[in-house]
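Each chain is listed here by its residues.
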Amino acid sequence: VTDAIALQDLQGQFTSGNGLDGTFTGRVNGGAEVTGRLVPQNDRSAIRLTAPDAGRVLASAGVLQQARGGAMELILLPVGTGGSFDGTLKVRDTSIVDAPAMAALLNAVSIVGLFNVEGSDSLFFSEVDADFRLSPAQITLREGSATGPSMGISMDGIYATDTGKLQMQGVLTPVYLLNGVGSIFTRKGEGIFAFNYSLTGTAKDPDVFVNPLTGLVPGGIRDLFRAPRPEVPRAEGEPVPEPAPKRRRASDLDISQQER
């Protein structure tokens, strides 16, 4: 799929009229088993993957080692002629355990008692959604969210799959079950009162910064304290978008046209 993610032990049934089209099973980097469908698109193949254990899939892909369980659906649409895809990810009912970045965020805002004890410290999320571009060496997260009774998280940024370095930002919402009531006025995963944060460094040893002042400002005002969303890198062979036509102003028109 990319330089760092491959499907091994692939078995399936395909037709090849206009490209590979069919269903298959395989193991992500030889680990978690997934079921998928290939559909020809733009001289490449679009991919739909499903799995009953999202945690194992993410760990096998080297993206996240601390997720446990959760039904997963991943859709990858080819972009350009190289190895890039535009993707959407949906995970339902998963838990995050022993995550250094998560623990650092909780400590930074002094939130106590949000972890649910299930044999080990863990945090339950009922819904996880992500919109991203998968390139050979990095994942550009356009928009991501994770919501559960105890916490809501929004996130966007860049994760380098080859080095493990990350540059992420988002909003952390405590007690999301109550605080998220006003989320219709904010981005998904964000409540009325929450904290802006940023993650840099590496996924194994992240540097965390939380802006405590943002906990005092409601809703969309927090956007004034965050950087713009990451610029998505253009994929190899991807058409350059045409600029929007410039609207002509009245001052640009010929005087004779104005008089008419």
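Anything mentioned here points back to the structure above.
Presented here is a report on the structure given in the accompanying data block.

Thresholds applied
Residues numbered from 1 in each chain as written. Predicted model: local features only at pLDDT ≥ 70, side-chain atom pairs only at ≥ 80, totals over all residues. Heavy atoms only, no water. Phe/Tyr/Trp six-rings, centres within 6.5 Å; stacked < 30°, edge-to-face > 60°. Lys NZ or Arg CZ within 6 Å of the ring centre and 35° of its normal. Patch = residues over 30% accessible without salt bridge, like charges linked within 9 Å, V, L, I, M, F, W, Y side chains within 5 Å. Areas by Shrake-Rupley, 256 points an atom, 1.4 Å probe, with all protein chains shown as cover. Salt bridge = Lys/Arg side-chain N within 4 Å of Asp/Glu carboxyl O. Helix = DSSP H or I, 4+ residues; strand = E, 2+ residues; numbered from the N terminus. Core = buried A, V, L, I, M, F, W, Y, C linked by side-chain atoms within 4.5 Å. Buried < 20%, exposed > 50% of the residue type's maximum accessible area, 1.4 Å probe, protein only. Contact = heavy atoms within 4.5 Å. Polar contact = N/O pair within 3.5 Å; in protein donor to acceptor, adjacent residues only side chain to side chain. Pairing = 2+ DSSP bridges.

**Side note on the packing of aromatic side chains**
Considering all chains together, one arrives at one aromatic pair under this definition. Just above the ring of Phe 85 sits the side chain of Arg 44; from NZ or CZ to the centre is 4.6 Å.

**Observations regarding a nonpolar patch on the surface**
Together, Leu 10, Phe 14 and Leu 20 make up an exposed nonpolar region whose accessible area comes to about 250 Å². Mapping Phe 14 onto the fold places it in strand β1 (residues 7-15).

**Thoughts on the nonpolar core**
Met 72, Phe 125 and Phe 132 are the most contacted members of the largest nonpolar core, which totals 39 residues. For this core, the element with the highest residue contribution is strand β9 (residues 121-134), accounting for six residues. Every residue in contact with Met 72, bar those within four places of it in the chain, is listed here: Leu 49, Thr 50, Ala 51, Ala 54, Val 57, Leu 89, Lys 90 and Val 91.

**Thoughts on the side chain of Thr 94**
Assignment of secondary structure puts Thr 94 in strand β7 (residues 84-97). Engagement of the side chain of Thr 94 in a polar contact is seen with the backbone oxygen of Arg 68, the distance being 3.1 Å. At 2.9 Å, the side chain of Thr 94 and the backbone oxygen of Gly 69 are in polar contact. Residues within four places of Thr 94 in sequence aside, it is in contact with Ala 67, Arg 68, Gly 69, Gly 70, Leu 123, Phe 124, Phe 125 and Val 128.

**Some details on the pattern of salt bridges**
Summed over the entire model, instances satisfying the criterion amount to eight salt bridges. Between Arg 133 and Asp 86 there is a salt bridge; the shortest N-O distance is 2.8 Å. Separated by 47 residues along the polypeptide, Arg 133 in strand β9 and Asp 86 in strand β7 bring together distant segments of the chain. A salt bridge links Glu 143 to Arg 229; the nearest nitrogen and oxygen atoms lie 3.7 Å apart. A residue pair is termed long-range when its members are at least 10 positions apart, and Glu 143 in strand β10 (residues 138-147) and Arg 229 in the loop between β14 (206-211) and α4 (255-259) qualify at 86 residues. Where salt bridges share partners, they join Asp 86, Asp 131, Arg 133 and Arg 142 into one cluster.

**Thoughts on the pairing of strand β12 (residues 166-174)**
For β12, a buried count of eight out of nine residues is recorded, marking the element as mostly surrounded by other parts of the structure. Pairing between strand β11 (residues 151-160) and β12: nine bridges, direction antiparallel. If you follow Asp 156 over to β12, its bridge partner there is Gln 169. Between the end of β11 and the start of β12, which pair antiparallel, lie five residues, with Gly 164 showing a positive phi angle near 80°. Where β12 meets strand β13 (residues 195-201), five bridges bridge the pair, whose relative direction is antiparallel. In the sheet register, Gly 170 faces β13, and the bridge partner there is Tyr 197.

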